[in-house]
There are 4 protein chains.
Amino acid sequence: MFNYSAKVKLHHTDAAGVMFFAHFFYLAHDGYEAFLETRSFGLKRILQQDFLLPLVHAEADYRAPATLGDELTFEIEVTRLGETSFTLSYRVVNQVGQDVAGLKTVHTAISQSTRQPIPLPPNLKAALQPA
Amino acid sequence: MFNYSAKVKLHHTDAAGVMFFAHFFYLAHDGYEAFLETRSFGLKRILQQDFLLPLVHAEADYRAPATLGDELTFEIEVTRLGETSFTLSYRVVNQVGQDVAGLKTVHTAISQSTRQPIPLPPNLKAALQPA
Amino acid sequence: MFNYSAKVKLHHTDAAGVMFFAHFFYLAHDGYEAFLETRSFGLKRILQQDFLLPLVHAEADYRAPATLGDELTFEIEVTRLGETSFTLSYRVVNQVGQDVAGLKTVHTAISQSTRQPIPLPPNLKAALQPA
Amino acid sequence: MFNYSAKVKLHHTDAAGVMFFAHFFYLAHDGYEAFLETRSFGLKRILQQDFLLPLVHAEADYRAPATLGDELTFEIEVTRLGETSFTLSYRVVNQVGQDVAGLKTVHTAISQSTRQPIPLPPNLKAALQPA
């Protein structure tokens, strides 16, 4: 489990006074990037190698609104690690422990040069194992 | 079926050279706003009344990358219209007819003043009926 | 003079009920991309050649708020075309002709491979001439 | 002087491989919000009172590109505190001390209810004084 913290900023909110739903996906991905770095496998390093990890699926369930100044924690976990794809799950709680949202992203690997699917590189699989 | 067109702009793309996955949700919501307006029920009017339509779920399946300059069409349909919520489905195709992505958003109604769930207002339900 | 139209969407607005100031820069750049395309010199083509046009300066004056559903027109003009840089000016008016904002962006040319400044390529200079 | 740190995330970058220019304005505003909170005057509190602080001007000079994974520090200072407006200046340096950008934002005060200009509220002026 990796925890990523993000504060709700003015530009995250909309005229209805709450965080716009799509921003949760950005913040989740920010957390995923921070998570990869703790495994010494940052996206920067990935972009310099010969593969990419495009998303094939993303979803979110929204349970409570997030408003300006809220302190959100994204609890991130690798919930599936297959041969050709992996799934991350995110539970989002706010500063009073309220369950705000749950998200899931599914990632595959492709070759940067051919743009064709490839098996997950072994060093990436190792990096994604439970700590 | 309502068609919403959007061109992939530089700020939609990322260092991997393709549209960042979360932008599909923004563009889908832009299309939903345009769709509501064709039904004379724009979000602006909604914000001035006593209800809001928060999302409780959003999801996307990504099938092909979108790159700078691509002309995307979001084909939007109300695929479920219940008593307390409705679902919109979006099929995204590019300028050569390729199936780029499919999205779904689920919306409920709440009272602006109490922030409690309410049944879908009758005039909204009428507006969301198939044309 | 090139006109670019953009509607204020929910995700452009913030909890203060108006368009967040930074979004004007996104929309202005969207307009710049559309303008370049009318000159047969889209950013996509530029990215495929050996140069880039990074901004060295951007500024905006805000004169009236933009709110959800407003129809903004960005009137875009090349106001300076030098040997190594050019300046675009944008006047933003809304659907009732009100002066909402004025922006300016200054662009230079660099080589994609060396990342060093280069003179503006002649075909770009030709494309940026008043029509 | 207040320092705000931000890491360049994938969604900040574009197909040219660098942070899109407009994102600097978001991050600067994020820093401004964090700065106000250290003065016990967060935007959330402001939105609950009867005034708003709309920007009338924003500008940026870009001196070096920011790329994925860069650690940016926004050094924020109140460089002018007038009767009806104030100016914030931001110097952006990266993890190796390189001068990446300089920004300025000018804010005025308006009444939330009348949307008319008002003098800067005394408690805000006090909060913005050099520490």
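Note that the coordinates shown come from a computational prediction; the quantities given were computed from them, not determined experimentally.

About the cut-offs
Residues numbered from 1 in each chain as written. Chains lettered and ligands numbered in written order. Predicted model: local features only at pLDDT ≥ 70, side-chain atom pairs only at ≥ 80, totals over all residues. Heavy atoms only, no water. pLDDT = per-residue confidence, 0-100. Pairing = 2+ DSSP bridges. Helix = DSSP H or I, 4+ residues; strand = E, 2+ residues; numbered from the N terminus. Axes fitted to C-alpha atoms, helices over the stretch in contact; angles between N-to-C directions. Contact = heavy atoms within 4.5 Å. Polar contact = N/O pair within 3.5 Å; in protein donor to acceptor, adjacent residues only side chain to side chain. Buried area = accessible area lost by both parts, 1.4 Å probe. Salt bridge = Lys/Arg side-chain N within 4 Å of Asp/Glu carboxyl O. Nonpolar A, V, L, I, M, F, W, Y, C, P; charged D, E, K, R; others polar.

Caption draft 1: Main features of the confidence of the model for chain A. Considering every residue of chain A, the mean pLDDT works out to 95; 99% of them sit at 70 or more. Both confidence scores are given for the complex: pTM 0.96, ipTM 0.95.

Caption draft 2: The sheet that holds strand β5 (residues 85–93) of chain A, seen in detail. As summarised here, the arrangement of the 10 strands in space is β1(A)-β4(A)-β5(A)-β6(A)-β3(A)-β3(B)-β6(B)-β5(B)-β4(B)-β1(B), forming an open sheet in which the pairing is antiparallel. Bordering the open sheet on either side are β1 (2–7) of chain A together with β1 (2–7) of chain B, each of which pairs with just one other strand. Each strand axis lies, on average, 20° off the axis of its neighbour in the sheet, ignoring direction. Along the sheet, helix α1 (residues 23–38) of chain A contacts β1, β3 (55–62), β4 (71–81), β5 and β6 (99–108) of chain A together with β3 (55–62) of chain B; its crossing angle with β1 of chain A, the most-contacted strand, is approximately 135°.

Caption draft 3: Local environment of the side chain of Ser85 of chain C. All names here are of chain C. Within the secondary structure, Ser85 is located in strand β5 (residues 85–93). Among the polar contacts made by the side chain of Ser85, one reaches the side chain of Arg80 at a distance of 2.7 Å. Leave out the neighbours within four places in its chain, and Ser85 touches Arg80, Val106, His107, Thr108 and Leu120.

Caption draft 4: Fine view of the interface of chain A and chain B. On the side of chain B, 21 residues touch chain A, which itself brings 21 residues to the contact. Taken together, both faces of the contact between chain A and chain B bury some 1,900 Å²; the carbon and sulfur share is 67%. Inspection of the region where chain A meets chain B yields zero salt bridges. Remark: the boundary between chain A and chain B carries 10 residue pairs in polar contact (both at pLDDT 80 or more). Going through the elements one at a time, α1 and β3 of chain A are the ones with two or more residues in the side of chain A that touches chain B. Take the side of chain A that touches chain B: its biggest share by element is eight residues, from β3 of chain A. Classifying every residue of the side of chain A that touches chain B gives 15 nonpolar, three polar and three charged. Across five bridges, β3 of chain A lies against β3 of chain B in antiparallel orientation. Paired with His57 of chain A across the bridge in β3 of chain B is Asp61 of chain B.

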